[in-house]
Amino acid sequence: MADGTFAVLMLIAGLTDMGMNHCGTANGCLGAAETSPRLAFSVGSVVERRADEAAELYLRYDFGRTFGPFGQAIGVSVGEEGEGWIGYGATYDLPLGNSPVYAQFHLMPGLYAENGGFDLGGPVAFRSGLEVGYENNRGWRFGLSYDHRSNAGIYDENPGIETVQFRVSIPTR
């Protein structure tokens, strides 16, 4: 179970990066910068908690602008039983040295519709996770993602679910 671990790790890594590499520069701590926008397609499965294993399709768009070390993304997913989620939030890319291997954290609040699928306790659901993968010389990314979705305890019931996905991310520029 991941709970909010990925969200906390993203904030620690991102805020540390911001303090060390962005604050004190001409752009400031959360200065805007251009980056390559990306369209990502994922397929995966719910793997833990009280939910039955079920397939999920996920589409995400990473915008072409960062604020300090943080990117922004919008995502939508549809599960095998008809459940759906849409959210908007932050990303943090963590290059692993000078190699084509990367890691990316994400934290995205959103809305969840049960539609006969797993009950997450209410319509507000936070998605946070980690993707690790390989980026080729054309900018295409191929990664494995693990994420957690729950209502963060804002409702009486907070069962949460975890999803493992294979993601392909394509630069749109």
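Our subject is the structure listed above.
Here the structure is a predicted model, which means the values were calculated and not measured.

Looking at the element boundaries, histidine 106 is found in strand 6 (residues 101–113). Residues contacting histidine 106, with those up to four places away along its chain left out, are Met10, Arg60, Ala90, Thr91, Arg127, Ser128, Gly129, Leu130, Ser145 and Asp147.

Scanning the entire structure with this criterion turns up one disulfide. Paired through a disulfide, cysteine 23 and cysteine 29 show a sulfur-sulfur distance of 1.8 Å. Here the S-S torsion is close to 130°, and the disulfide linking cysteine 23 with cysteine 29 is therefore right-handed.

Let us now look at the side chain of serine 128. On the secondary structure map, serine 128 appears in strand 7 (residues 124–135). Sequence-distant contacts of serine 128, that is, excluding residues within four places in its chain, are made with Asp3, Phe6, Ala7, His106, Leu107, Tyr146, Asp147 and His148.

A word on the nonpolar core. Among the nonpolar cores identified, the biggest contains 10 residues, and these are Val46, Tyr58, Ala73, Trp85, Met108, Tyr112, Phe118, Leu120, Ala125 and Ile161. Among all residues touching leucine 120, those that are not within four sequence positions of it are Tyr112, Ala125, Arg149, Asn151, Glu157, Pro159, Gly160 and Ile161. Phe6, Met10, Phe70 and Phe105 belong to the second-largest nonpolar core, a separate cluster that totals five residues.

One pass over the structure, following the stated rule, counts six aromatic pairs. With centroids separated by 6.2 Å and ring planes inclined at 65°, the aromatic side chains of phenylalanine 63 and tyrosine 88 adopt a geometry described as edge-to-face. Here phenylalanine 63 is found in strand 3 (residues 54–67), whereas its partner tyrosine 88 is found in strand 5 (residues 84–95), with 25 residues between them in sequence. What makes phenylalanine 63 partly exposed here is its relative accessible area of 32%. Among the aromatic side chains, those forming a connected cluster through ring pairs are Tyr61, Phe63 and Tyr88. Sitting above the plane of the tryptophan 85 ring, arginine 127 keeps its charged end 5.0 Å from the centroid.

The rules behind each value
Residues numbered from 1 in each chain as written. Predicted model: local features only at pLDDT ≥ 70, side-chain atom pairs only at ≥ 80, totals over all residues. Heavy atoms only, no water. Helix = DSSP H or I, 4+ residues; strand = E, 2+ residues; numbered from the N terminus. Contact = heavy atoms within 4.5 Å. Disulfide = S-S within 2.5 Å. Core = buried A, V, L, I, M, F, W, Y, C linked by side-chain atoms within 4.5 Å. Buried < 20%, exposed > 50% of the residue type's maximum accessible area, 1.4 Å probe, protein only. Phe/Tyr/Trp six-rings, centres within 6.5 Å; stacked < 30°, edge-to-face > 60°. Lys NZ or Arg CZ within 6 Å of the ring centre and 35° of its normal.

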